[in-house]
Amino acid sequence: MIKPNYMENLLDGVEIEWKPLGEVVNIKNGKDWKTLSVGNIPVYGSGGVMAYVDKFAYDKPTVLIPRKGSITNIFYVESPVWNVDTIYYTEIDINQLIPKFFYYYMKTIDLMKLDTGSGRPSLTQAILNKIPVPTPPFKVQEEIVRILDSFTELTAELTAELTARKKQYTYYRDKLLTFEEGEVEWKTLNNIVEFRNGKGHEKIIVDDGKYIVVNSKFISTNGKVKKYSNEQISPLFTNDILMVMSDLPNGRALAKCYLVCEDDRYTLNQRIGAFKNVKTVNTKYLFYVLNRNRQLLKYDNGVDQTNLKKDDILNIQIPIPPLAEQERIVSILDRFDTLVNDITSGLPREIELRQKQYEHYRNMLLSFPKSEVEA
């Protein structure tokens, strides 16, 4: 934990000089990469790495700042890199700034406020060159980089662990839900559930309504992305299983499921199917079987938008082990699900807290007293 007066002690007796960005950094345009051969040098656009080529545009530590598109995506690169025309690379004056320090400082800038685009977000060199940049002594820059690197490394370790846990979860889920021929009874989904579609809500969406409109983004983000309506034209009920029926090619939401845990909060979008389990199958077990079911993912050809039909869904085969075995499977998968998906207690929550902690200390460490140069 960093003490509140840490920066005061670090900066004791030190006067911070601020300079326009253009005096400490040279901003350079990107170039087309399509004539280059395949290699191991990353090609960056405003969205990130696009390809790998055999030549570099710059081979020293640099901060990549988007020119168009996703203008808040700032990248720090130490190895050789090629950049296209949607993103700038920077030649940093290392006699004034440690490149990593400059990167961390730029992450505190609200670049959307500098947007000059009338449609697609854009940043110009003229605007960027006016940004005030602090140039504290190197010992101060080095200490700030050290602290922020430690937060970044911890978040990276947690993210790597989450990725590993998700793979482990997928392995055990598939293993637990795979049965030998003749080992269990199989039924078509149509014989287990009642099915209904949602309805269109496009004309009644409001900023903050009484009901949450359940759509593909709501399900794919585990409820983080919400749209609202004051009308509940397609009610949902406790233990309804919802499934995304339409998604982009190679999307990650197709056939993704969501289990409704409380009544009266939701209304259902037309691209989502709802299942009411009316037979003697454990609802949570059925949820795990249906979630990203491989019998449905086969309809994604990777080219066209996939729209699952009602009959495609209801004709899939569902394994029905004894109820006690269903409950055992649910118990195991619930523990994994909490670890890898629960935003209140699992690894996602831990990563979210570490990210907020990193941003708090980054902003605190880089909030230097201003001099004559103002934003």
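Before reading on, note that the structure itself is shown above.
Q: I'd like a description of the pairing of strand β5 (residues 62-66), backed by residues and values.
A: Buried residues dominate β5, accounting for 5 of its 5 residues. In this structure, β5 lies alongside strand β6 (residues 75-77), joined through 3 bridges in antiparallel fashion. Bridging from a neighbouring strand, L64 pairs with F75 of β6. Relative to strand β8 (residues 87-92), β5 is paired through 2 bridges, and the arrangement is antiparallel. Bridged to I65 within β8 is Y88.

Q: Describe the sheet that holds β5, listing the residues and the values that go with them.
A: Spatially, the 4 strands line up as an open sheet ordered β2-β8-β5-β6, and their pairing is antiparallel. Looking along the sheet, the strands with just one partner apiece sit at the ends: β2 (25-28) and β6. Across this sheet, the average inter-strand angle for adjacent strands is 30°, counted without regard to direction. As judged from the 4 bridges shared by β2 and β8, these two strands associate in the antiparallel manner. Within the sheet, the bridge partner assigned to I27 lies in β8 and is T90.

About the cut-offs
- Residues numbered from 1 in each chain as written.
- Predicted model: local features only at pLDDT ≥ 70, side-chain atom pairs only at ≥ 80, totals over all residues.
- Heavy atoms only, no water.
- Buried < 20%, exposed > 50% of the residue type's maximum accessible area, 1.4 Å probe, protein only.
- Helix = DSSP H or I, 4+ residues; strand = E, 2+ residues; numbered from the N terminus.
- Pairing = 2+ DSSP bridges.
- Axes fitted to C-alpha atoms, helices over the stretch in contact; angles between N-to-C directions.

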